[in-house]
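# An overview of the molecular structure
Below are the chains, spelled out letter by letter.
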Amino acid sequence: MADDKHASPTASQDADNPARRALAWAHTARFLTTASRLDQLPPTELPEIAFVGRSNAGKSTAINTLTQQKRLAFASKTPGRTQHINLFALGPKDAPDALFADLPGYGYAAVSRDAKARWQQVMADYLELRRSLAGVVLMVDSRLGFTDLDLQLLDFVAPRLANGAVKLLVLLTKADKLNRREADAALRVAQLDLGAIATEQADIGITLFSALKRRGVDDAAVLLRSWVERAPAA
């Protein structure tokens, strides 16, 4: 056997680097199932992290960047067309330790009123009732800030955020399109908006995010991994 003293520097660095460990974990994500209604989702004891956001906010791109997979989350050429909850399993194939839930984008004008109403109810039920939900990643276009629909979505999950049962990470996406002054201003405004729902028990984070420049990717991966590691045992 090789002497441990001769272990490769790269292996040692990976072991000591939280971002590399977290990204390696995220890279294990693979498709599990899809559902158009909450009652079609399988019951699970695994912590579930939901990705939500307006159509065109960069949700699919963020998921694919975090998992280092080009087409794990399908980015439709026509925003608003994806109308299913897609679940992805993470961790060892024979013993997954978490799920990612990709929820449909919302707010796209071309979607029919009936479809909007139906999906608003599905998302509300999911965020209010899904027992395995451990965290929410909300994608917000950094150039626009929180819209009324984003704030409405936060209202759905607000009681579970307030008591710390569900954690929240807001990714201010497309930050590469802002200069430093604009990015700092977007972050300040978003922090003020989140202050309205913050409590002593709430676990709420926010970061500027750019898939193109990989800004915020490592920090987001480390935080999501920590959510799973700290999740209560089933």
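Structure: above.
## Side note on helix H2 (residues 18–26)
- Of all the residues in H2, the buried ones are Ala19, Ala22, Leu23, Trp25 and Ala26. Down the axis of H2, the buried set is contained in an arc of 155 degrees. They therefore lie on one face.
- The elements touched by buried residues of H2 are helix H3 (59–67), strand E3 (85–90), strand E4 (98–102) and helix H7 (217–229).
- For H2, the N-terminal cap is Asn17; the gap from its side-chain oxygen to the backbone nitrogen of Ala19 is 3.0 Å.

## A closer look at the pattern of salt bridges
- By the definition in use, this model includes ten salt bridges.
- The shortest N-O distance in the salt bridge between Arg143 and Asp141 comes to 2.9 Å.
- According to the relative accessible area criterion, Asp141 is buried, its value standing at 8%.
- A salt bridge links Asp141 to Lys174; the nearest nitrogen and oxygen atoms lie 4.0 Å apart. Residue Asp141 is located in strand E5 (residues 133–141), and its partner Lys174 is located in the loop between strand E6 (167–173) and helix H6 (180–195); the two are separated by 33 residues in the primary sequence.
- By relative accessible area, which is 22% here, Lys174 ends up partly exposed.
- Overlapping salt bridges, with partners in common, bring together Asp97, Arg225 and Glu229 in one network.

## Some words on the side chain of Glu48
- Tracing the chain through its elements places Glu48 in strand E2 (residues 48–53).
- Of the residues examined, Glu48 reaches a relative accessible area of 0% and is grouped as buried.
- Dropping the residues within four chain positions of it, Glu48 is found in contact with Leu87, Leu99, Ala101, Tyr126, Arg130, Ser132, Leu133, Ala134 and Gly135.

## Digging into the nonpolar core
- Formed by 38 residues in total, the largest nonpolar core has its most connected members in Ile85, Tyr126 and Leu138.
- Mapped onto this core, the elements with two or more residues apiece are E2, E3, E4, helix H4 (113–129), E5, helix H5 (148–162), E6 and H6.
- Ignoring anything within four residues of it in the chain, the contact list for Leu138 reads Val52, Gly53, Tyr106, Phe146, Asp150, Leu153, Leu154, Leu168, Leu169, Val170 and Leu171.
- Formed by 28 residues, the second largest nonpolar core is a distinct cluster that contains Ala26, Leu66, Met139 and Trp227.

Conventions and cut-offs
Residues numbered from 1 in each chain as written. Predicted model: local features only at pLDDT ≥ 70, side-chain atom pairs only at ≥ 80, totals over all residues. Heavy atoms only, no water. Buried < 20%, exposed > 50% of the residue type's maximum accessible area, 1.4 Å probe, protein only. Helix = DSSP H or I, 4+ residues; strand = E, 2+ residues; numbered from the N terminus. Arc of directions from axis to C-beta. Contact = heavy atoms within 4.5 Å. Polar contact = N/O pair within 3.5 Å; in protein donor to acceptor, adjacent residues only side chain to side chain. Salt bridge = Lys/Arg side-chain N within 4 Å of Asp/Glu carboxyl O. Core = buried A, V, L, I, M, F, W, Y, C linked by side-chain atoms within 4.5 Å.

Note that all results are geometric; they support no functional claim without further evidence.
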